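Commentary on secondary and tertiary structure
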Amino acid sequence: MAQTPQQRRANDRFAKNEAAKRGRAPVSKPKPNSKPPDLNQLVVLAFVVCGGLILELLRVVPELWSSVVATLSRLTG
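Residues numbered from 1 in each chain as written. Predicted model: local features only at pLDDT ≥ 70, side-chain atom pairs only at ≥ 80, totals over all residues. Heavy atoms only, no water.

An unreviewed UniProt entry lists the chain under the name Stress-associated endoplasmic reticulum protein, from Penicillium capsulatum. What UniProt states about the chain under its Function (unreviewed entry) heading is, verbatim, "Interacts with target proteins during translocation into the lumen of the endoplasmic reticulum. Protects unfolded target proteins against degradation and facilitate correct glycosylation." One UniProt comment on the chain, placed under Sequence similarities (unreviewed entry), says "Belongs to the RAMP4 family." (UniProt positions renumbered as here; feature names shortened; annotations may be inferred.)

Moving on, we come to the overall build of the chain. In terms of regular secondary structure, the chain is built from 2 helices and 0 strands. Relative to the globule expectation of 11 Å for 77 residues, the C-alpha radius of gyration of the chain, 36 Å, shows a markedly less compact shape. If one aligns the C-alpha atoms of the chain with their principal axes, the spans along those axes are about 110 × 35 × 20 Å. Every one of the 77 residues in the chain was classed for burial, and the buried ones make up 1%. Of the side chains in the chain, 12 bear a positive and 5 a negative charge, and the two mean positions are spaced by 18 Å. (Helix = DSSP H or I, 4+ residues; strand = E, 2+ residues; numbered from the N terminus. Rg over C-alpha atoms; globule rule 2.2 N^0.38 Å. Buried < 20%, exposed > 50% of the residue type's maximum accessible area, 1.4 Å probe, protein only. Lys, Arg positive; Asp, Glu negative; His and termini not counted. Charge placed at Lys NZ, Arg CZ, Asp CG, Glu CD.)

Let us now look at the UniProt feature "transmembrane region" (unreviewed entry) in the chain. Here the UniProt-annotated "transmembrane region" (unreviewed entry) positions come out as residues 39-58. For residues 39-58, the helix share is 100%, the strand share is 0%, and the end-to-end C-alpha distance is 25 Å.

Below, the discussion takes up the environment of Gly 77. Structurally, Gly 77 is set in the segment after helix H2 (39-76). We classify Gly 77 as exposed; its relative accessible area is 89%. Spatially, the C-alpha atoms of Gly 77 and Val 48 are 44 Å apart, while their sequence positions differ by 29 residues.

What follows is about the pattern of salt bridges. Summed over all chains, the structure comprises 3 salt bridges. The salt bridge involving Lys 21 is made with Glu 18; its shortest N-O contact spans 3.4 Å. Remark: Glu 18 and Lys 21 occur in helix H1 (residues 5-21); sequence separation between them is 3 residues, near one turn of the helix. For Lys 21, a relative accessible area of 48% corresponds to the partly exposed category. For Glu 18, a relative accessible area of 27% puts it in the partly exposed group. Two residues, Arg 59 and Glu 56, come together in a salt bridge whose shortest N-O distance is 2.4 Å. Remark: Glu 56 and Arg 59 occur in helix H2; sequence separation between them is 3 residues, near one turn of the helix. (Salt bridge = Lys/Arg side-chain N within 4 Å of Asp/Glu carboxyl O.)

Encoded structure:
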């Protein structure tokens with residue numbers, strides 16, 4: 001299918017624009033300063049990092065407490 005004169009003019013304009021862009025450095029926008037994370041994000045991060053330890057301590061402490069009580073009752077009684 002042949003180009004119409006209107007399409008040919010549009011293509012020529014586009015080609016001229018693209019040729020003018022070649023060789024130029026791409027325009028980059030300055031990056032905005034990143035804001036510090038808010039408190040909620042820090043709490044979630046701390047729970048993810050330390051959560052396993054906390055949950056394990058919650059599981060182990062009652063076992064340790066019952067062992068301590070059993071040992072003390074054996075020693076005193």
